Amino acid sequence: GQKDFIPDGSAEQAEKLRRCREEQWQLLSEERVERLRSLVKAEWKPGQGIVELQSPAGKFWHTMGFTERGKQCLLPEEALYLLECGSVQLFYRDLPLSIQEAYEILLCQEAMSLPHYQVFSHLKQLGYIVLRFDPSTVLSPYERQLNLESHCQSSGKHHRKRRRSSSPRSHEKKHKVSEDLPEAEETSKKAGDDCQDSSCLPTDEKHLSEQPKESDAGSGKGESNPVPLDTGQKDSLSPSWSRVGDHEESSAGTHASRWDFSTIILPNVAPDQPCTHLPSPDNGLLPENVPGREVNATYWCARINQKQEKLSRKEREQRERESRYKTSVNADREVRRCSNWQEYKALLAQRSRQRVWRRPPHLWDQAVTPLLRPDEATSQAALLQQISVLQPSHILDGASRLQEDPESMKIDFNVYQADAVAKFKKTNPGKPYVRMCVRSFDEQIPSLRALKQVTYQSGDVPVVFALVDHGEIAFYSLKEFKLPVDVNH
Amino acid sequence: MAEAVFHPPRRKRRVFESYESPFPVDVGGKDFRICQAEIINNNVIVRNPEDIEQLYNKGYFGKGILSRSRPVYSISDPSLATKWQGANMNMPIITSKKYQCHVQWAKSILQEQGFDDCSVTKILENYTKPLELPFLEEDGAEQTSNSCNRMGPNTENTELCRQSSTDTGNAVALSCESRNEGYKKACLEGDPAFYPVAVCGSKEQEQSDLKERAEVSCQKCGFLMQCGCKAKENTEQRSSEVIKSKECAPEYVLVQEEEENDLRPEDDSAHVQENLVKKEKLVCRRNPFRIFEYLQLTLEEAFFLVYALGCLSIYYGEAPLTILKLWEIFSEVKPNFKTTYMAYHYFRSKGWVPKVGLKYGTDLLLYRKGPPFYHASYSVIAELVDDNFEGSLRRPLSWKSLSGLNRTTVNASKELMLCYLIRPSDMTEKEMSTPECMKKIKVQELIVSRWVSSRERSEQDEF
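Residues numbered from 1 in each chain as written. Chains lettered and ligands numbered in written order. Predicted model: local features only at pLDDT ≥ 70, side-chain atom pairs only at ≥ 80, totals over all residues. Heavy atoms only, no water.

- Naming follows an unreviewed UniProt entry, where chain B appears as tRNA-splicing endonuclease subunit SEN2 of Alca torda.
- Under the Sequence similarities (unreviewed entry) heading, UniProt states for chain B: "Belongs to the tRNA-intron endonuclease family."
- In its Catalytic activity (unreviewed entry) section, the UniProt record describing chain B reads: "pretRNA = a 3'-half-tRNA molecule with a 5'-OH end + a 5'-half-tRNA molecule with a 2',3'-cyclic phosphate end + an intron with a 2',3'-cyclic phosphate and a 5'-hydroxyl terminus." (UniProt positions renumbered as here; feature names shortened; annotations may be inferred.)

- Under an unreviewed UniProt entry, the name given to chain A is SEN54 endonuclease, and the source organism is Alca torda.

Below you can see the structure in the form of structure tokens.
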């Protein structure tokens, strides 16, 4: 039937409740029977805050416990859990502890309070493997970049992927590497013109991946253009286009340039105009000890596979979607007629003079004018670009400098999936499925600051907040997100 | 660190609208129209029907003050409309009783304006007399097109419309034919009885204190009538354009009335039966008490149209306001305007349509393309923080309240999003007093999701 939602003061309801409580009490008071032989004996060591096994561990040893000074030991939460399961018998001062006593005695520490234990127990009962979080086991972004963990796990399958320059650095401490990151963030912005906003990795990591590549490249590759990350389309909405405009540093100086634009010709490097003959560059443009020479690339072109690229269906669809709103500036015949920058700029100036729309003075003759110039908005995408003034931010931006904060929120547990039990190795657990922060239901949600700290601390493992409310546990996560741009209507 | 996966919004099963454009701005700038709005009682209102259409159809800005969302208010009775489907000529169909109410209301308005009962009755009788349907076919079309240019019997009428609008800018509920002071053929019927009304109308405009009175009376009927509180239009722009014909033209309605049968006592029972059956017919009359529906823009929508697109001018009284002034005024009216505006602007610049999130306890609801096409996908709370990523929150949430909010959001098939606007800690008040401060502000989006410990075991869900 329907649930009773509120007390209605009836005798019937009171009787139902009484019977329920009685049943529950009976259940709880039932004596648990275990074979004495299979019960592992363990002793609580308050000085060390751990439990020492007095007889050999059972099956639980696969996922719980640790060895110290030759003895098998358990953490308080593990011991308490096993006690509740009926797998161990806990002794203190030679007397067995009741469950109530065990709760009282084992859970009076900073690291393992009652709410923490409740979360631990909840997850264990569902089959997860739960270990305490240890910050030193988290790989830095750089180390992750090198795929260090998979190298540790597998038998050197990834050896070949390791960069030459990275081997001495593999043991570098986290904080040292993090100093590189702020710099990397700066420079990568310039390089990140093609970077799509919905990419998974933050730009600083991408830049780091280039450094080793370049040192590897040696003489062969001349270009150092970063390869844009293609995270693939997940759906029909497109990620944002390249925000070239935003990344241009507005260099203030309007000094006279030393270039004579009327004589500089824009080379046509379209696919139908193979640029195989490259003249020798002007010596004034080259660094001192670098000689330039003429190149005729015809020989090489002949050896390149010039077969028409066959696009996958996904790529074709993407191209078709993009063609709806993206236009090449060269599609304009008048633009093609311009043979140098000067002509092109003159064309733009001429077009802006042909404004048709009237500009009311109360909007336009002011210090602050509207963002949109309708004559410059040639497409919906261009319009959106003109009005996009707010910068996106990633959850990890600025997170590294928050790490020195002693007040920062702590991660409590590493949680591994139940399916991973068979392959689980205590000595090398690997990357957890999720990390837990235990908090109280009445607390304020973490500030953005605290969230960044915790996300950074966790490396690339997602963080979940476990909220305890008198025995009930709810789990929430606050995840980084970038709303995709919707231009295809 | 896992990123939240984007879940594409669900398309609505039945879509009754066609999509026009994401913004009321023509790409290329050739056909650029600047709409007008006014600030009335701290609200931004758009009155011009064409502006209303433009702003709502292209981007779903605003809300009709008498409708749920799209301004579709009509006095037409839906059951009558279906009943008389064949006869419908784009005019509202109302019951006779309702029409009488309108007449009564018009009567009391005229009485308030000081007319004596005799004149009132005369004016109304004249105004509300039945009209010939064939004539109306032309007028019916008038409703839909800008007919002020059309030749024909309406010409003088509509010329007057234009003339009087530029002169006085005031309109009384009765047709604009009344607002003339020199045209003999003022209206079709050529009834000079309208003069008194006209005189009264223009007098009201001259006396500024009377304007307040008119405002008061206007408030009573809630923008229902074009009383004297309507601000003078910016005539520069309008002089060469066609003036809103919809507003100054009279509204024609079809009134369902009973045919008058002379009840003659007959011996023949059959005749008696006939007399009992009242035949109904539709009579076309003018509506003496028009109800105008205006479009109300939220402060964020209004500011966006002005600042980001430059396609709206907002007037306070007579003067159009500059962008800086609007930024200042809106911040005063709504204490956290800057924060909510920045979030609004951000989502608009991503091509999504943000609407007010009041119903869900948040700041914004994000729609893809527009409310008629997709269900809202995200329910957003905006917060402003400094670059230590802390700040005094508008909505400090405990986990308890967050979980409640998340529950109601998820029940409505939406995702809860927190939008943090990060400003440099050294940003001064002065810098924030201009919307240009947005160029230095960064946006961090977060999605709140509940993790279910037991389910995660069986499904390899996105974690």
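1. A few points about the pattern of salt bridges
- On inspection of all chains with the given rule, the structure shows 29 salt bridges over all chains.
- Between Glu301(B) and Lys355(B) there is a salt bridge; the shortest N-O distance is 3.5 Å. Placement of the pair is Glu301(B) in helix H12 (residues 299-308) and Lys355(B) in strand E10 (residues 352-356), with a sequence separation of 54 residues. Like Lys355(B), Glu301(B) is buried.
- Among the salt bridges present, the one from Glu436(B) reaches Lys439(B), with a minimum N-O distance of 3.7 Å.
- Exposure remark for Glu436(B): the relative accessible area of 31% places this residue in the partly exposed category.
- Residue Lys439(B) is classed as partly exposed on the basis of its relative accessible area, which comes to 41%.
- The structure contains a network of salt bridges with shared partners spanning Glu15(A), Arg18(A), Arg19(A) and Glu22(A). (Salt bridge = Lys/Arg side-chain N within 4 Å of Asp/Glu carboxyl O. Helix = DSSP H or I, 4+ residues; strand = E, 2+ residues; numbered from the N terminus. Buried < 20%, exposed > 50% of the residue type's maximum accessible area, 1.4 Å probe, protein only.)

2. Here's the deal with the sheet that holds strand E6 (residues 280-286) of chain B
Residues and elements named next belong to chain B.
- One open sheet accounts for three strands, arranged E4-E5-E6; its pairing is mixed. The open sheet has two edge strands, strand E4 (93-95) and E6, and neither has a second partner. Pairs of neighbouring strands in the sheet enclose a mean axial angle of 40°, with direction left out of account.
- For strand E5 (residues 252-258) and E6, the ladder comprises seven bridges, and the chain directions are antiparallel. Bridging from a neighbouring strand, Glu-257 pairs with Lys-281 of E6.
- The strands touched by helix H3 (residues 96-112) are E4, E5 and E6; relative to E4, the strand with the most contacts, the crossing angle is about 85°. (Pairing = 2+ DSSP bridges. Axes fitted to C-alpha atoms, helices over the stretch in contact; angles between N-to-C directions. Contact = heavy atoms within 4.5 Å.)

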